[in-house]
Amino acid sequence: EAGVAQSPRYKIIEKRQSVAFWCNPISGHATLYWYQQILGQGPKLLIQFQNNGVVDDSQLPKDRFSAERLKGVDSTLKIQPAKLEDSAVYLCASSPYSSSGSEQYFGPGTRLTVT
Amino acid sequence: GDSVTQMEGPVTLSEEAFLTINCTYTATGYPSLFWYVQYPGEGLQLLLKATKADDKGSNKGFEATYRKETTSFHLEKGSVQVSDSAVYFCAFSFSGGYNKLIFGAGTRLAVHP
């Protein structure tokens, strides 16, 4: 079974530029998550999708971050414009269910450096 | 607020030593508890979990028991190997919620031969 795919793996941009990350979850997984992991910290949920719909985006900085999930499968996370503090690893995860206790499967992440 | 506190690293051990990584949580209700592990160059993966009080999760020789009275979920292994070197994350998800994970900061473990 293929795992969660993410691209690109690394990205370096200057502040005020825009960037987009792509995620392809495990086939059949209804729930998709984007986490931000700043160096030295644990991952923090940015947004969670259940099929096409958003169920939690309470920690997404909506003035600069946006995300969509196309046809309930692939997802894209965008930052526009980027700030220095956005330097982090962006992790995508998926799970077959959204109920508490369901295992989440993580992709390898995209490491973003904002200079 | 809701949070996870983990033992600070790095933890450095010799092979075959006993491992404990402490984890306590602050959350309302009865969360599900997890340990995730990140091996060098790899993504996060679930190590073990427990979904109710007094449950013990176990995998690959690692164990952790859900202690509601002390809000703890300490990770233990009786004899570590060099291959256990990784970063370990304690996390929980809210009962009745949408499975959002709240993570601790992670504990780096280095095991030497």
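Residues numbered from 1 in each chain as written. Chains lettered and ligands numbered in written order. Predicted model: local features only at pLDDT ≥ 70, side-chain atom pairs only at ≥ 80, totals over all residues. Heavy atoms only, no water.

**A look at the pattern of salt bridges**
All names here are of chain B.
Step number 1: With the rule as written, the count across this model stands at five salt bridges over all chains.
Step number 2: Between Asp84 and Lys77 there is a salt bridge; the shortest N-O distance is 2.8 Å. The same class applies to Asp84 and to Lys77, which are both buried. (Salt bridge = Lys/Arg side-chain N within 4 Å of Asp/Glu carboxyl O. Buried < 20%, exposed > 50% of the residue type's maximum accessible area, 1.4 Å probe, protein only.)

**Concerning the sheet that holds strand β8 (residues 62-65) of chain B**
Residues and elements named next belong to chain B.
Step number 1: Overall, antiparallel pairing links the four strands, which are arranged β3-β9-β8-β7 in an open sheet. The outermost strands of the open sheet, each flanked by one partner alone, are β3 (19-21) and β7 (56-59). Going from strand to strand, the sheet's axes swing by 15 degrees on average, the running direction of each strand aside. (Pairing = 2+ DSSP bridges. Helix = DSSP H or I, 4+ residues; strand = E, 2+ residues; numbered from the N terminus. Axes fitted to C-alpha atoms, helices over the stretch in contact; angles between N-to-C directions.)

**Thoughts on the state of the cysteines**
All names here are of chain A.
Step number 1: Applying the stated criterion across every chain, the model contains two disulfides over all chains.
Step number 2: One disulfide bridge connects Cys23 with Cys92, the sulfur atoms lying 1.9 Å from each other. On the sign convention where negative means left-handed, the S-S torsion of about -70 degrees between Cys23 and Cys92 marks this disulfide as left-handed. Placement of Cys23 in strand β3 (residues 19-24) and of Cys92 in strand β9 (residues 88-95) is noted, with a sequence separation of 69 residues between them. (Disulfide = S-S within 2.5 Å.)

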